[in-house]
Amino acid sequence: MLRAVILIVALVTVKGDNCIPRSFGEGRTVCVCNSTYCDTISEPNLQQNQVLWYTSTQDGKRMQLNVDNFVGKNKPDNDVVLTVDSSEKYQRIQGFGGAMTDAAALNIRTLSNKTQRVLLESYFGSNGSRYTFTRIPIAGTDFSTRPYTYDDTPGDVTLSHFSLVEEDYYKIGYLHYIQSIMPNPENYRIFTTAWSAPPWMKNTNSITWGVLKREYYALYAEYIKKFFDAYKELGINIWGITPGNEPLDGFIPFFPFNAMGWTPTASATWSTDFLAPILSNAGYNPVYMAMDDQRFELPWFPETMFNNLKARELFSGVAVHWYADDFFSPIRLTLTHDKYPDKFILMTEACTGKYN
């Protein structure tokens, strides 16, 4: 039997936060984070028949706390009516997070030690946003100061020159600190992907476009395993992985940053026949997510991947990005979910601004 609960609420604004505003133009106000203040969340003890929410706006409000009182028939004139239908359910929210890129680590390092701590606590700490996800890259990205991979020595089929770079150690240090301040570190999920294989493994010998040569499918999987090994040796365990970042970018000649093309079929084949067996034999069984690209590719990209029945079994979810969402309806998410209700959908990248 379908039942709906009608609740009448009266809004009571408790207080704003202590945001130190800085304007970057109309509708572009940010709060300055320093050694004495970063955005945090106050969480009061609610009384019976109360609910709270937080509000952030373009004009400068940041996590402003509001408390609502559920009231009876004598409702005020400015009442808000909420309808709660517990019989209608969608996907479970697994959590929220951000990326620890080279740029993030390098910029955080420019801050004082105290400000670094305050900043990370505002995202991951018990009084902060309590992020539970972090996306980390495998080697260089468009958020790096230079194009690179972990083995840029041409023809190194033994991967004897594989090596992490300085930026990795910065990121790893922050990942350790994040785990130390989280209220529930056992729920922390780090996932990863690569923007490109070493150029010499690709048909273009370019880091910015081209596809992986078929002869290097197994070697590239070993390259990924060495990344898992290197991070594990430094105390970082990886929860999940996608076959590659934005796989369609690599088909664009002279793309502006690291990219490697994957068709859905090639992505499925490499993942099931090479990557998963090599990682599994080394004791790694990460959560596999398909696509890691734009919403307009749904449901076509995962649908084509999952024509490979081994891939349909291997992949637990579909990773999406938000670019061009203004032009493509979110109905694509629903279509994908309805076709594959056993696969979660996780938004794995969103940024704004521009690079030089």
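Analysis parameters
- Residues numbered from 1 in each chain as written.
- Predicted model: local features only at pLDDT ≥ 70, side-chain atom pairs only at ≥ 80, totals over all residues.
- Heavy atoms only, no water.
- Disulfide = S-S within 2.5 Å.
- Buried < 20%, exposed > 50% of the residue type's maximum accessible area, 1.4 Å probe, protein only.
- Helix = DSSP H or I, 4+ residues; strand = E, 2+ residues; numbered from the N terminus.
- Contact = heavy atoms within 4.5 Å.
- pLDDT = per-residue confidence, 0-100.
- Axes fitted to C-alpha atoms, helices over the stretch in contact; angles between N-to-C directions.
- Parallel < 35°, antiparallel > 145°, perpendicular 65-115°, else oblique.
- Nonpolar A, V, L, I, M, F, W, Y, C, P; charged D, E, K, R; others polar.
- Salt bridge = Lys/Arg side-chain N within 4 Å of Asp/Glu carboxyl O.
- Left-handed = near helix turned anticlockwise from the far one by under 90°.
- Phe/Tyr/Trp six-rings, centres within 6.5 Å; stacked < 30°, edge-to-face > 60°.
- Lys NZ or Arg CZ within 6 Å of the ring centre and 35° of its normal.

Counted under the stated rule, the structure contains 1 disulfide. Here Cys33 pairs with Cys38 through a disulfide, and the sulfurs are 1.5 Å apart. Looking at Cys33, the relative accessible area reads 26%, which means it is partly exposed. A residue is classified by how much of its surface remains accessible, and Cys38, at 7% relative accessible area, is buried.

So, about the environment of Gly95. If you trace the backbone, Gly95 turns up in the loop between β6 (80-84) and β7 (97-99). For the pair Gly95 and Arg130, spaced 35 residues apart in sequence, the C-alpha separation works out to 8.9 Å. Not counting residues within four places of it along the chain, the set of residues in contact with Gly95 comprises Thr132 and Phe133.

Now for unusual backbone geometry. Of note, the bond from Leu298 into Pro299 is cis; its omega dihedral lies within 30 degrees of zero at -10°. Relative to the helices and strands, Pro299 is located in the loop between β11 (287-294) and α6 (300-305). The backbone of Asn49 shows a phi angle near 70°, a positive value even though the residue is not glycine. Residue position: Asn49 is located in the loop between β3 (29-31) and β4 (50-55). For Glu246, which is not glycine, the phi torsion reads 40° and is therefore positive. On the secondary structure map, Glu246 appears in the loop between β10 (240-241) and α5 (264-281).

Residue-level pLDDT values for the protein chain average 89, and 90% of them are 70 or greater. Contacts for the low-pLDDT stretch residues 1-16, under 50 throughout, to residues beyond four places or in other chains number 53 contacts.

Before going further, it helps to examine the packing of helix α1 (residues 102-109) against helix α3 (residues 166-181). Packed helices, taken two at a time, are described by the angle between their axes plus the distance between the axes. Close contact between α1 and α3 brings their axes to 9 Å; oriented N to C, the two are set at 75°. Looking at the two axes, α1 sits roughly perpendicular to α3. Residues Asp102, Ala105, Leu106, Ile108 and Arg109 of α1 pack against Glu167, Tyr170, Lys171 and Tyr174 of α3. In terms of residue class, the contact of α1 with α3 is built from 5 nonpolar, no polar and 4 charged.

Counted under the stated rule, the structure contains 10 salt bridges. Its salt-bridge partner being Lys171, residue Asp102 comes within 2.7 Å of it at the nearest N-O pair. Remark: Lys171 occurs in helix α3 and Asp102 occurs in helix α1; sequence separation between them is 69 residues. Look at Asp102 and you get buried, because its relative accessible area is 0%. Between Lys171 and Asp168 there is a salt bridge whose closest N-O contact spans 3.9 Å. Here Asp168 and Lys171 lie together in helix α3, a separation of 3 residues that amounts to about one turn. The two residues Lys171 and Asp168 agree in class, both being buried. Linked through salt bridges whose partners overlap, the residues forming this network are Asp102, Asp168 and Lys171.

With their axes 9 Å apart at the nearest point, helix α4 (residues 217-233) and α5 run at an angle of 55° to one another. Comparing their axes, α5 and α4 come out oblique. In the crossing of α4 with α5, the sense of the turn from one axis to the other is right-handed. When α4 is examined against α5, the residues Tyr217, Ala218, Tyr220, Ala221, Glu222, Ile224, Lys225 and Phe228 are found in contact with a partner set consisting of Ala266, Trp270, Phe274, Leu275, Ile278 and Leu279. Among the residues making up the contact of α4 with α5, the classes are represented as 12 nonpolar, no polar and 2 charged.

Attention shifts here to the packing of aromatic side chains. Scanning the model with the defined rule gives 28 aromatic pairs in all. Judged by centre distance (5.3 Å) and plane angle (45°), the rings of Tyr123 and Tyr131 are tilted. Among the residues examined, Tyr123 registers a relative accessible area of 36% and is labelled partly exposed. Residues Trp200 and Tyr216 carry aromatic rings whose centres are separated by 5.6 Å and whose planes lie at 85° to one another, so their mutual orientation is edge-to-face. Of the two residues, Trp200 is situated in the loop between β9 (189-194) and α4 and Tyr216 in the loop between β9 and α4; the sequence distance between them amounts to 16 residues. One cation-aromatic arrangement involves Arg146 over Tyr148; the distance from NZ or CZ to the ring centre is 4.4 Å. Here the guanidinium or amino end of Lys343 rests over the ring plane of Phe306, the centre of that ring lying 5.3 Å away.

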